[in-house]
Amino acid sequence: MNAQREESDLIGSRGVPPDVYFGIHTLRARDNFPLTGVPLSAHPELVRALASVKEAAALAHGELATLPAARARAIVAACREIRAGGLRDQFVVDVFQGGAGTSSNMNVNEVIANRALELLGHPRGAYEHLHPNDDVNRGQSTNDVYPTAVKLALRDAAGRLMDGMSVLANALTDRGGAFAKTYKLGRTQLQDAVPMTLGHEFDVFALTVRDDAVLVQRAAEALCEVNLGGTAIGTGLNADPGFGRAVIVHLAAVTGAPVHQARDLMESTQGMGAFLQLSGAVRQFALRLSKICNDLRLLGSGPTAGLGEIRLPALQAGSSIMPGKVNPVVPEAVNQVCFDVFGADAAVSMAAQAGQLQLNAFEPLIAHLLLNSLNRLDSACRLLAERCVLGIEANEARLRDLVERSPGLATALNPVLGYQRTTDLARRSLLECRSVRELASESGLLTDEQIDVLLDHERLARPEL
């Protein structure tokens, strides 16, 4: 077995295992932050984004001749391997870390440097030929690299969430069309209201999801303003002349994202506005998605002791003691994802306000929680659509019976009989367990033909027709 390679930093020297691509800075960070057990590699979007920033930087240095051409090419090649999924197990620092993301940045710098050294024909750790800081990190700081990469990673994850939201909205619209002629009773404050269609109920759910997708899209667009080129605090200290302009052009080409340099690099370095905007949009969607799940569970409650208006797909046995019990497991699971997002938004808000002066040290938490929220909501949308919504059936007989028996039908007679008379009909309907139709006919105040017209389900549900 090969001996460990010796590496040094300002703290001292340590042996680094011969089979790894990271170096002493990563090794110390791994030891210093055993907090979550979740490594940087658990967020492949962020690893790809960090490698994209490093590739763009090397391309800019190659263009400006501020880095030897062979080194720039080797760095670019190593970055492309990482972006393609290579060396993923080498990104080992914990997602929670002190230093505003320095440990993540150095993990990436060291892996790229050692892979680039191999491509140049040198052993790992031979940093005199290509250095993690002097070459891979040239013209950069954690404080502009990490926020830029986080924004790119979040933009990718937000794009996937929007795709998942579209899948869910389409499924809801599908059920809306299937139930377009299925009449039911609406409810306000969980009390009988007036008739509507089950299809309209699902169309409303779909519109809710589509509206929130617009908010997520706007927040994703705001992530394209980055502080790359600002180095430590936004002044651009130690960046080569022309680097800031060139690296943004190359980053846009590498990622395909319409990134642009921030209007004020210092504000962008310390400001958390884009993250808060995204977290707020995601929180709103999670709140409204949770409400949709609550409604589905309520509409499907029963099968005999609840509303029982719809039947959710039966996916698994619901009890270890009650035979035949089936639970609304998919909406319940999605509810839990939403609850997790609510908590994440609160933590993101705390982290965003806790930054001091020219830097926020808590971006690793923001990145981790927002990536989790986006990815989990994407999975939740697809699960809800495919394993629940598309399989929902209407309980036609139950829906029809509830409409006919409801005292709320008296509302439709208001324009003809007046509020006081219809109130009396509604009261008697409830007390005597008789339908409004029957009582109105018995009263002689209206003919059966008039009653049929006034209480026609389609007219009541769609009065504009």
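Residues numbered from 1 in each chain as written. Predicted model: local features only at pLDDT ≥ 70, side-chain atom pairs only at ≥ 80, totals over all residues. Heavy atoms only, no water.

1. Some details on the overall build of the chain
Thought 1: Summing up its helical and strand segments, the chain has 18 helices and eight strands in all.
Thought 2: Here the C-alpha radius of gyration of the chain, 30 Å, is well above what a compact globule of 465 residues would show, namely 23 Å.
Thought 3: Taken over the C-alpha atoms alone, the chain extends approximately 100 × 50 × 35 Å along its principal axes.
Thought 4: Taking all 465 residues of the chain together, 49% fall into the buried category.
Thought 5: Considering only intrachain contacts with a sequence separation of at least 6, the fraction spanning at least 24 residues in the chain is 72%.
Thought 6: Counting every atom, the chain has about 20700 Å² of accessible surface; 53% of that belongs to carbon and sulfur.
Thought 7: In the chain, 44 side chains carry a positive charge and 52 a negative one; their mean positions are 1 Å apart. (Helix = DSSP H or I, 4+ residues; strand = E, 2+ residues; numbered from the N terminus. Rg over C-alpha atoms; globule rule 2.2 N^0.38 Å. Buried < 20%, exposed > 50% of the residue type's maximum accessible area, 1.4 Å probe, protein only. Contact = heavy atoms within 4.5 Å. Areas by Shrake-Rupley, 256 points an atom, 1.4 Å probe, with all protein chains shown as cover. Lys, Arg positive; Asp, Glu negative; His and termini not counted. Charge placed at Lys NZ, Arg CZ, Asp CG, Glu CD.)

2. Section: the pairing of strand 2 (residues 13–16)
Thought 1: Two elements, strand 1 (residues 5–8) and strand 2, share four bridges in a ladder whose sense is antiparallel. Bridge pairing in strand 2 links glutamate 6 to glycine 15.
Thought 2: Between strand 1 and strand 2, which pair antiparallel one after the other, the connecting turn spans four residues, and glycine 12 there sits at a positive phi close to 150°. (Pairing = 2+ DSSP bridges.)

3. A look at empty space enclosed by the protein
Gaps left between atoms are located by rolling a probe of water-molecule size over the structure's atoms.
Thought 1: Here the structure, examined in full by the defined rule, presents two cavities of 30 Å³ or more.
Thought 2: Around the largest cavity, the lining is made up of 13 residues, and of these Leu40, Leu46, Val95, Tyr146 and Pro364 lie nearest the centre.
Thought 3: Among the elements that line the lining of the largest cavity, the one with the most residues is helix 12 (residues 363–387), at four residues.
Thought 4: Classifying every residue of the lining of the largest cavity gives eight nonpolar, four polar and one charged. (1 Å grid on protein atoms, 1.4 Å probe; cavity = no way out; pocket = protein on both sides within 12 Å on 5 of 7 lines; lining within 4 Å. Points joined across faces, edges and corners; volume = space filled by probe spheres on them. Nonpolar A, V, L, I, M, F, W, Y, C, P; charged D, E, K, R; others polar.)

4. A short note on the nonpolar core
Thought 1: Judged by nonpolar contacts, the single largest core of 114 residues is most densely connected at Leu377 and Leu384.
Thought 2: At 15 residues, the largest contribution of residues to this core is made by helix 6 (residues 142–178).
Thought 3: Ignoring anything within four residues of it in the chain, the contact list for leucine 384 reads Leu168, Leu289, Cys293, Leu296, Val330, Pro331, Val334 and Val389.
Thought 4: In terms of nonpolar packing, the next biggest core, distinct from the first, is built from 16 residues, Leu409, Ala412, Leu417 and Leu460 among them. (Core = buried A, V, L, I, M, F, W, Y, C linked by side-chain atoms within 4.5 Å.)

5. What to know about unusual backbone geometry
Thought 1: With omega at 10°, the peptide bond leading from glycine 302 into proline 303 counts as cis.
Thought 2: With respect to the secondary-structure elements, proline 303 resides in the loop between helix 10 (273–299) and strand 7 (310–311).
Thought 3: A positive phi angle is found at leucine 87, which is not glycine, with a value near 60°.
Thought 4: The backbone phi angle of leucine 357 is positive, close to 55°, even though this residue is not glycine.
Thought 5: Examined against the element boundaries, leucine 357 turns out to sit in the loop between helix 11 (329–353) and helix 12.

6. Digging into the UniProt feature "domain: Fumarase C C-terminal" (unreviewed entry) in the chain
Thought 1: Taking the UniProt record as the reference, the feature "domain: Fumarase C C-terminal" (unreviewed entry) is found at residues 409–461.
Thought 2: End-to-end, the C-alpha atoms of residues 409–461 are 11 Å apart, and along that stretch the chain is 72% helix and 0% strand. (UniProt positions renumbered as here; feature names shortened; annotations may be inferred.)

7. Examining the side chain of threonine 269
Thought 1: Among the structural elements, threonine 269 can be located in helix 9 (residues 265–270).
Thought 2: The class of threonine 269 is buried, set by a relative accessible area of 0%.
Thought 3: Those residues in contact with threonine 269 that lie beyond four places of it in its chain are Asn143, Asn227, Ala232, Ile233, Gly234, Gln358, Leu359 and Glu363.

8. Concerning the environment of alanine 412
Thought 1: For alanine 412, the location among the structural elements is in the loop between helix 13 (396–405) and helix 14 (414–417).
Thought 2: Alanine 412 sits in the buried class, given a relative accessible area of 14%.

9. A short note on the packing of aromatic side chains
Thought 1: According to the stated counting rule, one finds three aromatic pairs in the structure shown.
Thought 2: Ring centres 5.6 Å apart and planes at 65° place the aromatic pair phenylalanine 179 and phenylalanine 202 in the edge-to-face group. With phenylalanine 179 in the loop between helix 6 and strand 3 (183–188) and phenylalanine 202 in helix 7 (residues 198–222), the pair connects residues that are 23 residues apart, well separated along the chain.
Thought 3: Residue phenylalanine 202 is classed as buried on the basis of its relative accessible area of 0%.
Thought 4: Three or more aromatic residues link up through ring pairs in this structure, and these residues are Phe179, Phe202 and Phe205.
Thought 5: Residue placement shows arginine 124 over the ring face of tyrosine 21; its charged tip is 3.7 Å from the ring centre.
Thought 6: Across the ring face of phenylalanine 179, the terminal group of arginine 175 is positioned such that the distance to the ring centre comes to 5.3 Å. (Phe/Tyr/Trp six-rings, centres within 6.5 Å; stacked < 30°, edge-to-face > 60°. Lys NZ or Arg CZ within 6 Å of the ring centre and 35° of its normal.)

10. A few points about the UniProt feature "domain: Fumarate lyase N-terminal" (unreviewed entry) in the chain
Thought 1: Under the UniProt annotation, the feature "domain: Fumarate lyase N-terminal" (unreviewed entry) is placed at residues 14–343.
Thought 2: Helix makes up 58% of residues 14–343 and strand 7%, with an end-to-end C-alpha separation of 40 Å.

11. Points about the layout of surface pockets
Thought 1: The calculated volume of the largest pocket comes to roughly 410 Å³.
Thought 2: Looking at the largest pocket, it is lined by 16 residues, and the ones nearest its centre are Gly300, Ser301, Gly302, Pro303 and Val326.

12. Observations concerning the pairing of strand 4 (residues 191–197)
Thought 1: Here strand 3 runs beside strand 4; their pairing, made up of five bridges, is antiparallel. Counterpart to lysine 184 in the pairing with strand 4 is methionine 196.
Thought 2: What sits between the antiparallel neighbours strand 3 and strand 4 is a turn of two residues, in which glutamine 189 has the positive phi angle 55°.

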